[in-house]
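Fold and geometry: a report
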Amino acid sequence: MTTWSLRRKPGRTLGLLLLVILSFLVLRRYLRLESSSCAQEGARRFNWSTLIPLWLRHRQLGLQAKGQNFMLEDSTFWIFGGSMHYFRVPKEYWRDRLLKMKACGLNTLTTYVPWNLHEPERGKFDFSGNLDLEAFVLMAAEIGLWVILRPGPYICSEIDLGGLPSWLLQDSGMRLRTTYKGFTEAVDLYFDHLMSRVVPLQYKHGGPIIAVQVENEYGSYNKDPAYMPYIKRALEDRGIVELLLTSDNKDGLSKGVVPGVMATINLQSHVELQSLTTFLLSVKGIQPKMVMEYWTGWFDSWGGPHNILDSSEVLQTVSAIVDAGASINLYMFHGGTNFGFINGAMHFQEYKSDVTSYDYDAVLTEAGDYTAKYSKLRDFFGSVSGAPLPPPPDLLPKMSYEPMTPAFYLSLWDALQYLEPIRSEKPINMENLPVNNGNGQSFGYILYETAIASSGVLRGLVRDRGQVFLNTVSIGFMDYKTTKIVIPLTQGYAMLRILVENRGRVNYGDNIDDQRKGLIGNLYLDDSPLKKFKIYSLDLKKSFFNRFGVDKWTPVPEVPVFPAFFLGGLSVSPTPLDTFLKLEGWEKGVVFINGRNLGRYWNIGPQKTLYLPGVWLDKGMNQVIIFEEVVSGPMIQSTDIPHLGRNQYII
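Residues numbered from 1 in each chain as written. Predicted model: local features only at pLDDT ≥ 70, side-chain atom pairs only at ≥ 80, totals over all residues. Heavy atoms only, no water.

A few points about the overall build of the protein chain
Where we set the bar: In this description a helix means any DSSP run of H or I spanning at least four residues, a strand means any run of E spanning at least two, and both kinds are numbered starting from the N terminus. Only protein chains enter the calculation, and the probe is 1.4 Å; a residue is then buried if its accessible area is under 20% of its type maximum, exposed if over 50%, and partly exposed in between. Residue exposure ignores everything except the shown protein chains as possible cover, and the areas themselves are Shrake-Rupley values with a 1.4 Å probe.
When its secondary structure is counted, the protein chain shows 14 helices and 32 strands. Residues classed as buried in the protein chain amount to 55% of the 651 residues present. Surface accessibility of the protein chain: about 27200 Å² in total, with carbon and sulfur atoms responsible for 54%.

So this is what it looks like as structure tokens:
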């Protein structure tokens, strides 16, 4: 018996498909010539729609740039978008936030895709749980939102290294965001995996993705003219068939345009809109106007002010952009949280790392609550939508729990006996440590130890912040500004220790190739390089804490030795609800709840509390671990009022 093989006879398959389509068209014409009664009878007897997939009949053209308008199939289409990043919001809250987006009158979700989180080790991919991109996109479709995907590979997004994996920096000659072979080979392997997930979610395949962005704000970087054409080709060669976009701010727009790709702009003031669109007209000709990022607020840096943007100004700018005939995406509609150590940093005149909260003074708060911006923008988009908007979902309740006093303690110095050090003649930076299956360490802390026998001036490059100890006594800090520290007189040998924190790699600017963390190069004492180091990788992952069984902890002493880990329990009843942790009296560190890293705290502000999602709490007792670098407070409190003073706004 002859077996039909699709692989061996592609020509016969195509011919059969064309024959079926042609037969359908002929039969449909025949039915139209029959009387209406016959046509109705034919419709009852034959379900012709099953012969051709729905997307093939109704999804042939997708989103197009025609003249000054976007067209979705044959209809004029305005993009009213909002940005929300799935990796910054608990998966259990995605639906709530997307429903609020839909109820605000928006029709499109935009999201970045963070390579560093999806491929934490070379060839090891993670699209589970909070990183389930496909589930997020499909949920948006279910709610009735189109999707613009921004897959990078570089995404900026105020995330560590702009979303690029730190293991790329193991290559001392690495040139990120260029056609350097070491970079493009890694991008190709990542895109092979990522696009196999993305392609079926495109509009022409029945999914909600109507456009895909090519890289991100490359005009501001612009180090390799062959790079953007390479990224465009990499997307198209892997099956991306939807409209391609670029996105640039005023500083990079002139260098960010790519042939065959529609250009969009990023801004915060509508005053810039006219000049930027005039420039695009001269370069690209007539095309739809699109503000890919209208910044509804701004991010905060440790030690700086909290940035706010008045809701009336936001409404005025959004109105002006839409009145000018432009489509718009609100960046951010909902910011969320830099859980764990994923925050980025800026380094122009000085190094500034981003806070844990990515509230952004956005349309929804960090916890997903309504704001005055939401109310005003909902009224505005409702007035231009021409259809009633769905009702906004109810607010999620908050709770203040009883204060928690840590009961147990483990100093870092006592914890070292349960860790395996790396021995090296010279310091090794974080990315090149022989850990994580050869991929180095991405986040957290790293401890360097070596013996010294004299005093002197200690000098070296510490990235980003290093606390220096003689034995277990802190003698100061080294960072970008303080590159030297005096080592006092000691008798005999002493253990010199430097605890270095990666506070976040730069996510925007020309210096992303120089984002290796830890001790960079030699460490000198009076100009003599120190040798024979023991190096401890303190990534503070779940596997790190698994080394410390219950027998390793002791009651909190009256005078703790720092740095140290503190262990306690947060009692929750009757129902776990969102809250905000207050660490008054504590100075700087990290909080873990039930094994989840909530992020960093630091008393220099502007952030004063940590958002704790109720869905990460259990009814009853919840494990709390605090890693404190300097000094502990008496307790940890919680509040139902966020640190930024943005109280719940009733819609």
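Having put the structure on the table, let's press on.
Thoughts on the pairing of strand β29 (residues 596-602)
The criterion, for reference: For two strands to count as paired, DSSP must find a minimum of two bridges between them.
Within β29, six of the seven residues are buried, which leaves the element mostly enclosed by the surrounding structure. Relative to β29, strand β28 (residues 588-593) runs antiparallel, the two being bridged by six bridges. Residue pairing across strands places Ile593 opposite Arg596, the latter belonging to β29.

Points about the packing of aromatic side chains
We apply this condition: Centres within 6.5 Å make a pair out of two Phe, Tyr or Trp rings, where for Trp the six-membered ring is used; the pair is then stacked when the planes are under 30 degrees apart, edge-to-face when over 60, and tilted otherwise. Note on geometry: a ring has a charge over it if NZ (lysine) or CZ (arginine) is within 6 Å of the ring centre and within 35 degrees of the ring normal.
Within this structure, the stated rule accounts for 43 aromatic pairs. Both rings, one in Trp298 and one in Tyr360, keep their centres 6.3 Å apart while their planes meet at 45°; by these two values the pair is tilted. Pair noted here: Trp298 is in the loop between β10 (290-295) and α11 (311-323) and Tyr360 is in the loop between β13 (351-353) and α12 (372-385), with a separation of 62 residues, a long-range link. Residue classification places Trp298 among the partly exposed positions, given a relative accessible area of 33%. Assessed through its relative accessible area of 4%, Tyr360 is described here as buried. Every member of this aromatic cluster is reached through a ring pair, and the members are Trp115, Trp167, Phe183, Tyr190, Phe191, Tyr218, Tyr221, Tyr227 and Tyr230. Here Arg177 stacks its cationic end above the ring of Tyr154, 3.5 Å away from the centre of that ring.

Describing the sheet that holds strand β21 (residues 494-501)
Where we set the bar: Fitted lines through C-alpha atoms give the axes, limited to the stretch in contact for helices. The angle between two N-to-C directions lies from 0 to 180 degrees.
Pairing is antiparallel in the open sheet, where six strands are placed in the order β15-β24-β16-β21-β18-β19. Strands with a single pairing partner mark the edges of an open sheet, and in this sheet they are β15 (422-424) and β19 (473-478). Adjacent strand axes in the sheet meet at a mean angle of 25° when their direction is disregarded. Inspection of the sheet shows strand β16 (residues 445-452) paired to strand β24 (residues 533-538) by five bridges, in the antiparallel sense. From the neighbouring strand, Ile446 faces β24, where its bridge partner is Ser537.

Here's the deal with the layout of surface pockets
Take a probe with the size of a water molecule and roll it over the atoms, and the empty space left behind shows itself. The condition that has to hold: In the cavity and pocket records, a cavity denotes points on a 1 Å grid over the protein atoms alone where a 1.4 Å probe fits but cannot get out, a pocket denotes an open set with protein on both sides within 12 Å along at least 5 of 7 lines, and lining residues are residues with an atom within 4 Å of a point. Grid points are joined across faces, edges and corners, and a volume is the space filled by probe spheres set on the points. For this classification, Asp, Glu, Lys and Arg are treated as charged, while Ala, Val, Leu, Ile, Met, Phe, Trp, Tyr, Cys and Pro are nonpolar and the rest, including Gly, are polar.
When its volume is computed, the largest pocket comes out at roughly 1200 Å³. Every residue lining the largest pocket is counted, 36 residues in all, and those nearest its centre are Leu117, Asp126, Leu131, Ile342 and Lys541. When contributions to the lining of the largest pocket are tallied by element, the ones reaching two or more residues are α5 (115-118) and β29. Its residues placed into classes, the lining of the largest pocket shows 13 nonpolar, twelve polar and eleven charged. Along the wall of the second largest pocket there are 25 residues; nearest its centre are Glu217, Asn249, Trp295, Trp298 and Tyr508. Looking at the lining of the second largest pocket residue by residue, the classes come out as ten nonpolar, eight polar and seven charged.

Some words on the packing of α11 against α12
This is how the line gets drawn: Oblique is the label for every angle not falling under 35 degrees (roughly parallel), over 145 degrees (roughly antiparallel), or within 65 to 115 degrees (roughly perpendicular). Crossings are assigned a handedness: left-handed for a near helix turned anticlockwise from the far helix by less than a right angle, right-handed for a clockwise turn. Every residue pair with non-hydrogen atoms within 4.5 Å of one another is taken to be in contact.
Closest axis-to-axis distance for the α11/α12 pair is 9 Å, and the angle between their directions is 25°. Taken together, the axis directions place α11 and α12 in an arrangement best described as roughly parallel. Regarding α11 and α12, the two cross each other, and that crossing is right-handed. Facing Ser311, Ser312, Val314, Leu315, Val318, Ser319 and Val322 of α11, the residues of α12 in contact are Ala372, Lys373, Lys376, Leu377, Phe380 and Phe381. Class assignment of the residues belonging to the contact of α11 with α12 gives a composition of eight nonpolar, three polar and two charged.

Notes on the nonpolar core
Soluble globular proteins tend to bury their nonpolar side chains together. Basically, it comes down to this: As used here, the term nonpolar core means buried Ala, Val, Leu, Ile, Met, Phe, Trp, Tyr and Cys residues forming a set that is joined through side-chain atoms within 4.5 Å.
Membership of the largest hydrophobic core comes to 128 residues, with the highest contact counts inside it found for Tyr294, Val318, Ile328, Leu330, Val591 and Ile626. The leading source of residues in this core is helix α7 (residues 181-198), at eight residues. Among residues more than four places away in sequence, those in contact with Tyr294 are Leu267, Gln268, Leu309, Glu313, Val314, Thr317, Val318, Ile321, Ile328, Asn329, Leu330 and Tyr331.

A few points about the confidence of the model for the protein chain
Heads up, the rule is: Residue-level confidence of the predictor is summarised by pLDDT, bounded by 0 at the bottom and 100 at the top.
On average, residues of the protein chain carry a pLDDT of 91, and 90% of them reach 70 or more. Every residue in residues 1-56 scores below 50 in pLDDT, and together they form 20 contacts with partners more than four places removed in sequence or on other chains.

Side note on the packing of helix α4 (residues 94-103) against helix α6 (residues 133-143)
Direction vectors running N to C along α4 and α6 enclose 40°, while the axes themselves pass 10 Å from each other. Comparing their axes, α6 and α4 come out oblique. You can see that α4 and α6 cross each other, and the crossing is right-handed. Judged by residue contacts, Trp94, Arg95, Leu98, Leu99 and Lys102 of α4 engage Ala135, Phe136, Met139, Ala140, Glu142 and Ile143 from α6. When the residues that make up the contact of α4 with α6 are grouped by side-chain class, the tally is eight nonpolar, no polar and three charged.

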